[in-house]
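Examination of the molecular architecture
Each chain, written out:
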Amino acid sequence: MLGTIAAALLIAAGPGADEGFADWLYASGEFSTAASEYLRILYENGGDTLAVPGASLRLARCWQELGRPLDALGLYDRLSIGLDGDGGAAALLGIGSVLEEMDRIDGSRAAYLDAASRAESPDLRDRGLVLAALMLAREGRWEESAAEIGAVAGRGGPLAGSAPGLAGMVASGADLPSRSPFWCGFASAVLPGSGQMLCGNVTDGLIALGVNGAMAFLLVESIRREEVAASVLTGWLGLSFYGGNVYGGARAAEGYNAARRRELLERITELLEEVPSASGSLP
Amino acid sequence: MTLFLLLLLAAPDTAGVPSVPGEPGESGIADVLFAEYRLLFRDLLGRTCAFSPSCSVYGQEAMGTYGPVLGTMMALERWTRCHGGVSDSHGYAGRGPDGRVPDPLRPAGETTCWGRSLLPF
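All of these numbers come straight from a predicted model, not from anything done at the bench.

Regarding its fold elements, chain B presents four helices and two strands. Each helix (α) and strand (β) of chain B, taken in turn from the N terminus, gives the series α-α-β-α-β-α. When contacts within chain B are restricted to residue pairs at least 6 apart in sequence, long-range pairs at least 24 apart make up 58% of them. Carbon and sulfur atoms provide 64% of the accessible area of chain B, an area that totals close to 6,700 Å².

Here it is in structure tokens:
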């Protein structure tokens, strides 16, 4: 169906309109179909990615969106080597984003910084600098990250309007509420379920307290009645529940910390989504 | 007991067989017990777990990875967390498309990619 519409539009629009249609598919989020269109455009240009850099960049982005990071990385890499100025800088930003997705934060920051140094337009330069600064935040270096973003705001570039708010939000990462896995595990060891409750998981804590209390009661009762098999079974089960409860206290703290961090990262992402689209001329 | 055996005989061929891709296969006694647990609670009694992967799969993985002692503790800990009150406020990352709360044995890293938000193309 989409292919028929594409063919009809191309016939109606005439030659030269195909990249516009591919861009429309790309903007609509139809990355699979857009990638096919960009590949066709590349084929028509003799497979030379540097001859149609805009289509090549978007093809790499399509692959990235379609979960083919290595293909995207290869194409971005080729473009970053072959293109000068803003084209190469845009490809380096793409490399940084793929490495970021692959959790290669050091490599990602290096690519973003490289993009910033190569960019000719202030907009691309600021994007590279802000993203490089955000990689520090990914590593928990909130204050350093905020300082670098603040420096971007001080330059007065295209992102100067968004940067102060972003810097403030990143700086708040240093004050995120946290719970110590060790102390929550210790608390659960002293009073079963208390570590979970300290992390806000009251139901989990009450269940852990109840189960451990019940197991202790059954163990004492079976020992008092001198029932060896029942004592061994309840002893083994009780110890397992108790160990699980201590582990659960520590795990609840880790979950609590991860959740607070995740919430902040999501707020930062929302703020980044509000940054105006790139201005200036990309290939 | 007789009724239970009849139920086992009447169970479909797929009973007890892990239906979720990536679920561990059966190899040892513990794995067979976990499969029996799934057969009884999931297939025959229709019980559903609040988490993904389910508690039995989680326990099976924990025992396979950390051995029977630590694995049992982790399995029982997960079992005590599996109740109707599981909500997003517990520190879990929302709910999956199947409505269950993702809680793998080894949590995945952060999936945030800020680079995509600021790509100029």
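This part takes up the packing of helix H2 (residues 29-44) of chain B against helix H3 (residues 55-81) of chain B. All names here are of chain B. Packing of H2 against H3 brings their axes to within 14 Å, and their N-to-C directions diverge by 30°. With respect to H3, the element H2 is oriented roughly parallel. On H3, the residues touching Ala30, Asp31, Phe34, Tyr37 and Arg38 of H2 are Ser56, Val57, Gly59, Gln60, Met63 and Trp79. Taken together, the residues that form the contact of H2 with H3 break down as six nonpolar, three polar and two charged.

Take the interface of chain A and chain B next. Taken residue by residue, the interface counts 49 residues in chain A and 28 residues in chain B. Roughly 3,500 Å² of surface becomes buried between chain A and chain B when both sides are summed, with 61% attributable to carbon and sulfur atoms. Taken together, the connections running from chain A to chain B amount to three salt bridges. Among the ionic pairs, Arg251 of chain A bridges to Asp103 of chain B, the shortest N-O distance being 2.7 Å. Counting residues per element, the ones that place at least two in the side of chain A that touches chain B are helix H4 (53-65), helix H6 (85-101), helix H8 (122-138), helix H13 (202-224) and helix H14 (228-273) of chain A. In terms of residue count, H14 of chain A provides more of the side of chain A that touches chain B than any other element does, 19 residues in total. Residue composition of the side of chain A that touches chain B, grouped by class: 26 nonpolar, eleven polar and twelve charged.

In this section: the nonpolar core. Membership of the largest hydrophobic core comes to 64 residues, with the highest contact counts inside it found for Tyr38, Tyr76, Leu134 and Ile268 of chain A together with Trp114 of chain B. For this core, the element with the highest residue contribution is H8 of chain A, accounting for nine residues. When sequence neighbours within four positions are dropped, the list of residues in contact with Leu134 of chain A reads Ser145, Ile149, Val170, Ile268 and Leu272 of chain A together with Trp114 of chain B. Grouped together as the second largest cluster of nonpolar side chains are six residues, Cys49, Phe51, Cys55 and Tyr92 of chain B included.

Residue and element names in this part refer to chain B. Within the secondary structure, Glu36 is located in helix H2. Given the relative accessible area of 39%, Glu36 is considered partly exposed. Between the C-alpha atom of Glu36 and that of Leu118, which follows or precedes it by 82 residues, the distance is 51 Å.

A few words now on the packing of aromatic side chains. Residue and element names in this part refer to chain A. Taken as a whole and judged by the stated rule, the model has eight aromatic pairs over all chains. Seen in terms of ring centroids, Tyr26 and Phe31 are 5.8 Å apart; in terms of plane orientation they differ by 85°. Their pairing is edge-to-face. Since its relative accessible area comes to 10%, Tyr26 is described here as buried. For the pair Tyr26 and Tyr38, a centre-to-centre distance of 6.2 Å together with 75° between the ring planes defines the contact as edge-to-face. In this pair, Tyr26 sits in helix H2 (residues 18-27) while Tyr38 sits in helix H3 (residues 31-44), placing the two residues twelve residues apart along the sequence. Tyr38 carries the same exposure label as Tyr26, and that label is buried. Each member of the aromatic cluster is reached from another via a ring pair, and the members are Tyr26, Phe31 and Tyr38. Above the ring of Tyr256, the side-chain terminus of Arg179 is found at 4.4 Å from the ring centroid. The cationic tip of Arg260 hangs over the ring face of Tyr256; the distance from NZ or CZ to the ring centre is 4.6 Å.

Moving on, we get to the confidence of the model for chain B. On average, residues of chain B score 75 in pLDDT, and 72% of them are at 70 or above. Listed scores for the predicted complex are pTM 0.73 and ipTM 0.74.

All right, on to H13 of chain A then. Across its 23 residues, H13 of chain A extends 33 Å between first and last C-alpha, which sits within 8% of the 33 Å expected from 1.5 Å per residue. Those residues of H13 of chain A not exposed but buried are Asp204, Gly205, Ala208, Val211, Asn212, Met215, Glu221 and Ser222 of chain A. Buried positions along H13 of chain A lie against helix H12 (194-198) and H14 of chain A together with H3 of chain B. Once H13 of chain A finishes, Glu226 of chain A follows within two positions and takes phi at roughly 60°, a positive value.

This part takes up the pattern of salt bridges. Considering all chains together, one arrives at 22 salt bridges over all chains under this definition. One salt bridge in this structure joins Arg225 of chain A and Glu221 of chain A, with 3.4 Å as the shortest N-O distance. Relative accessible area serves as the criterion here: at 55%, Arg225 of chain A is assigned to the exposed category. Where salt bridges share partners, they join Arg251 of chain A together with Glu77, Arg78, Arg81 and Asp103 of chain B into one cluster.

Let us look at unusual backbone geometry. Looking along the chain, the bond that leaves Ser52 of chain B and enters Pro53 of chain B is cis, with omega of 0°. Turning to its location among the elements, Pro53 of chain B is positioned in the loop between strand S1 (51-52) and H3. Backbone geometry at Asp103 of chain A places phi at a positive 65°, although glycine is not the residue there. Structurally, Asp103 of chain A is set in the loop between H6 and helix H7 (105-118).

Rules used in this analysis
Residues numbered from 1 in each chain as written. Chains lettered and ligands numbered in written order. Predicted model: local features only at pLDDT ≥ 70, side-chain atom pairs only at ≥ 80, totals over all residues. Heavy atoms only, no water. Helix = DSSP H or I, 4+ residues; strand = E, 2+ residues; numbered from the N terminus. Contact = heavy atoms within 4.5 Å. Areas by Shrake-Rupley, 256 points an atom, 1.4 Å probe, with all protein chains shown as cover. Axes fitted to C-alpha atoms, helices over the stretch in contact; angles between N-to-C directions. Parallel < 35°, antiparallel > 145°, perpendicular 65-115°, else oblique. Nonpolar A, V, L, I, M, F, W, Y, C, P; charged D, E, K, R; others polar. Buried area = accessible area lost by both parts, 1.4 Å probe. Salt bridge = Lys/Arg side-chain N within 4 Å of Asp/Glu carboxyl O. Core = buried A, V, L, I, M, F, W, Y, C linked by side-chain atoms within 4.5 Å. Buried < 20%, exposed > 50% of the residue type's maximum accessible area, 1.4 Å probe, protein only. Phe/Tyr/Trp six-rings, centres within 6.5 Å; stacked < 30°, edge-to-face > 60°. Lys NZ or Arg CZ within 6 Å of the ring centre and 35° of its normal. pLDDT = per-residue confidence, 0-100. Expected span 1.5 Å × (residues − 1).

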